[in-house]
2 protein chains.
Amino acid sequence: MDDINVAVLGTGGIGRRALDVSTHKDWFRPVAACDRHGIALDHTGLDVAELLDATEGNVASESQTRTDGGSAIKQTGKKRGVAASTQARSTETPIDDVIAESDEIDAVLIALPNLEHDFIPRIAERFADAGYEGVLVDVLKRSRVIGMLDEREERLIDSGITFICGAGATPGVLTGAAALAAQSFVTVESVDIWWGVGLKSGYEDNRGTVREDIAHLDGYDIETARNMTDEEIEQVIDEHDGVIEFTDMEHADDVLLERAGICDAADVSVGGILDVRNDEKPTTTTVSVTGTTFDGERATNTFELGDATSMAANVNGPALGYLKRGVQMNQNEVYGVFGPAELLPGF
Amino acid sequence: MDDINVAVLGTGGIGRRALDVSTHKDWFRPVAACDRHGIALDHTGLDVAELLDATEGNVASESQTRTDGGSAIKQTGKKRGVAASTQARSTETPIDDVIAESDEIDAVLIALPNLEHDFIPRIAERFADAGYEGVLVDVLKRSRVIGMLDEREERLIDSGITFICGAGATPGVLTGAAALAAQSFVTVESVDIWWGVGLKSGYEDNRGTVREDIAHLDGYDIETARNMTDEEIEQVIDEHDGVIEFTDMEHADDVLLERAGICDAADVSVGGILDVRNDEKPTTTTVSVTGTTFDGERATNTFELGDATSMAANVNGPALGYLKRGVQMNQNEVYGVFGPAELLPGF
């Protein structure tokens, strides 16, 4: 396969780790990376090490007391965020700047927080309006975003876009595992996704993710979580001694498995335990698929991630894996919106 | 998705069970099924129940003492095999008869024993020679067959054929699971596939498979196994008290994972335990993928099949799942030879 020219939108936790993982993939050529104040661009391939060094602990977000929900991480240096890289320049229109270069971009990894539900769908729309032909990949989590992408599918198809949505850990590799585990069965009665994340050393990188997770807790929703100060987030974490258990989360695994025809969205449950004070996972990440075989046996197939695999590894490896497959689809003129399970064996 | 018109070549254990599973798939329209002496054909869809009833325990093979390696199962009725169905007729040229109808066939499931290595590759060639545009799927096991398919890839592409090879259990769903489990890692050091099969109630249906497995034992090879009488096979089974352990089997998972770029073929091991006298699996079928993450952690991800899932369920569900995906590829004019791991997220 030829090298794939990739732009990474967002250089927070996910964007930076995706670039880090990409250095292990000889087919991945990172040609653009941006955050809200800057863009690094080099069509011959960015120097990822320089970019990561320059931006580590230096993310272009607002102050600690901001209420717009972005991840607020300490900022150092004169230039904030990606603009601190020698390969970057400041800009007030980073996404437009990427779109302007998109003729030479095969795939775009959208690693932006999606606290407004239609934020990523609207970004897809902007690429479509510009006539982009290529792949968009995101690692979104929320079920309702999928419908918003579907509403825009015709425009994406007209442009020549292959959008792979929910391509991280869950949804993502675990959705794929559920689709594969379902293959033994003719009817699937339940899919249970149970994750464990230990975040101690990655906490600074993942404040946005933690905030999104808190929105799933009883008594919180996406609006309240977005309007919480970082101090309030810390207080919730303190109240739980750093270990927060989530059940019945709105994760898009449900609609993505339903659209692949594997089971009803209502038969999918997602939950897990987040420990922000330990690197050890508080529980083993497991997908359990229970169903009935053609010969009438009821059984459960399972997929388990080794406890030493970090959330970052389990989000970004699959994101790049789905991106690679997406580029093949795009080259074969397969356009539209696809979830991970739709790339796996059919049901 | 529109209905998929499928022909099943071979109505032994795998072919019959594939037809059985297909009755649970509303997109699957079985339009042809053949064995060495007959063909059932109905472009509006075969009556699978009638076909299975008519052929159960009635397989068109030679006598108990035959030495050509087919599965010899008791024969009843005047007409042997599929010809016993009211939907079938006798023929001396069953595969040519299917090829003659192939304009109206979207996919062909090759469920024939492959005791000569190039048998299935040669069948693919015959479809290509006839200008077939569609999908071929097989559930072959042996590594060396893949190369023989590759040698014919240009001819398959010219014809418009999408060949999905090794699409059963192992290789097949377990190869796919390994490809998915690898996504957490940037380097994969080992893939261990370990299967358990309990065959008591399915033994009559699976004599061909048992014979193929025996070829993997120390002191046997594919030639000696092919030339054994059924009595000699029984004797080997007796010597092992019905429970035979296999290690370092030549299963195509190795080359199929290598061609997907996940690891070297040499890093893949396949083994398992077959118990022909119990339905209970003697061991749990497990795929273990050990690798290193981008952040330097070594871990093992695992995929386990529930013990109550039969070999038949784990071969035929995935075969139909890969077939369905193959038809989408074919409709998108993606032609050539593909292993299961190449349909999954890239590496």
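Each value, and the rule that gives it
Residues numbered from 1 in each chain as written. Chains lettered and ligands numbered in written order. Predicted model: local features only at pLDDT ≥ 70, side-chain atom pairs only at ≥ 80, totals over all residues. Heavy atoms only, no water. Salt bridge = Lys/Arg side-chain N within 4 Å of Asp/Glu carboxyl O. Core = buried A, V, L, I, M, F, W, Y, C linked by side-chain atoms within 4.5 Å. Buried < 20%, exposed > 50% of the residue type's maximum accessible area, 1.4 Å probe, protein only. Contact = heavy atoms within 4.5 Å. Helix = DSSP H or I, 4+ residues; strand = E, 2+ residues; numbered from the N terminus. Arc of directions from axis to C-beta. Polar contact = N/O pair within 3.5 Å; in protein donor to acceptor, adjacent residues only side chain to side chain. Pairing = 2+ DSSP bridges. Axes fitted to C-alpha atoms, helices over the stretch in contact; angles between N-to-C directions. Domains from an automatic or database assignment. Buried area = accessible area lost by both parts, 1.4 Å probe. Nonpolar A, V, L, I, M, F, W, Y, C, P; charged D, E, K, R; others polar.

Novice: How do you make sense of the pattern of salt bridges when you look at a structure like this?
Specialist: On inspection of all chains with the given rule, the structure shows 41 salt bridges over all chains. Between B:Glu116 and B:Arg122 there is a salt bridge; the shortest N-O distance is 3.3 Å.

Novice: Just to check I follow, could you spell out the nonpolar core for this structure?
Specialist: As a rule of thumb, soluble globular proteins bury nonpolar side chains together. In terms of nonpolar packing, the biggest core is built from 158 residues, with A:Val191, A:Ile262, B:Val191 and B:Ile262 touching the most fellow members. Setting aside its immediate chain neighbours within four residues, A:Val191 contacts A:Ala178, A:Leu257, A:Cys263, A:Asp267, A:Val268, A:Ser269, A:Val287, A:Ser288 and A:Val289.

Novice: Help me understand helix H5 (residues 143-151) of chain B in this model?
Specialist: Side chains three or four residues apart in an α-helix point the same way, a direct result of the helix having 3.6 residues per turn. Residues and elements named next belong to chain B. Turning to H5, its buried residues number three or more, namely Ser143, Val145, Ile146 and Leu149. In a view along the axis of H5, the buried residues occupy a sector of 150°, so they form one face of it. Those residues of H5 that are buried are in contact with helix H4 (119-129), strand E6 (134-138), helix H6 (153-159), strand E7 (161-164), helix H11 (253-259) and strand E13 (336-338).

Novice: What is the right way to read the side chain of B:Thr286 from this model?
Specialist: In this structure, B:Thr286 sits in strand E11 (residues 286-292). There is a polar contact of 3.1 Å between the side chain of B:Thr286 and the backbone oxygen of B:Thr284.

Novice: Can you walk me through the sheet that holds strand E12 (residues 298-304) of chain A in this structure?
Specialist: On the basis of which strands lie adjacent, the open sheet formed by 10 strands has the order E9(A)-E10(A)-E8(A)-E11(A)-E12(A)-E12(B)-E11(B)-E8(B)-E10(B)-E9(B) and mixed pairing. Among the strands making up the open sheet, the edge pair consists of strand E9 (243-246) of chain A together with strand E9 (243-246) of chain B. Across the sheet, the mean angle separating the axes of adjacent strands is 10° when strand polarity is ignored. Summarising the sheet, strand E8 (residues 187-198) of chain B and E11(B) pair through seven bridges and their orientation is antiparallel. Residue pairing for E11(B): B:Thr187 is matched across the bridge by B:Thr292.

Novice: Which parts of the structure should I look at to understand the domain arrangement of chain A?
Specialist: One frequent convention defines the size of an interface as the accessible area lost when the parts assemble. Residues and elements named next belong to chain A. Taken domain by domain, chain A holds domain 1 (4-169 + 313-343) and domain 2 (173-307). Computed over C-alpha atoms, the centres of domain 1 and domain 2 are 23 Å apart. Contacts between the two partners involve 37 residues from domain 1 and, on the opposite side, 33 residues from domain 2. Between domain 1 and domain 2, roughly 3000 Å² of surface is buried when both sides are summed, and carbon and sulfur atoms account for 49% of that area. The interface formed by domain 1 and domain 2 includes five salt bridges.

Novice: What am I meant to see in the interface of chain B and chain A here?
Specialist: On the chain A side, the residues contacting the 49 residues of chain B number 49 residues. At the boundary of chain B with chain A, total buried surface from both sides reaches about 3900 Å², with 60% on carbon and sulfur atoms. The three residues of chain B that bury the most area against chain A are B:Leu180, B:Phe294 and B:Arg325, which together make up 16% of that side's buried surface. The interface formed by chain B and chain A contains zero salt bridges. Only helix H1 (13-22), helix H7 (173-181), strand E12 (298-304) and helix H12 (311-331) of chain B provide two or more residues apiece to the side of chain B that touches chain A. By residue number, the principal contributor to the side of chain B that touches chain A is H12(B), which donates nine residues. For the side of chain B that touches chain A, a count of residues per class yields 23 nonpolar, 16 polar and 10 charged. As paired elements, E12(A) and E12(B) share three bridges and run antiparallel to each other. Within E12(B), the residue paired with A:Thr302 across the bridge is B:Glu304.

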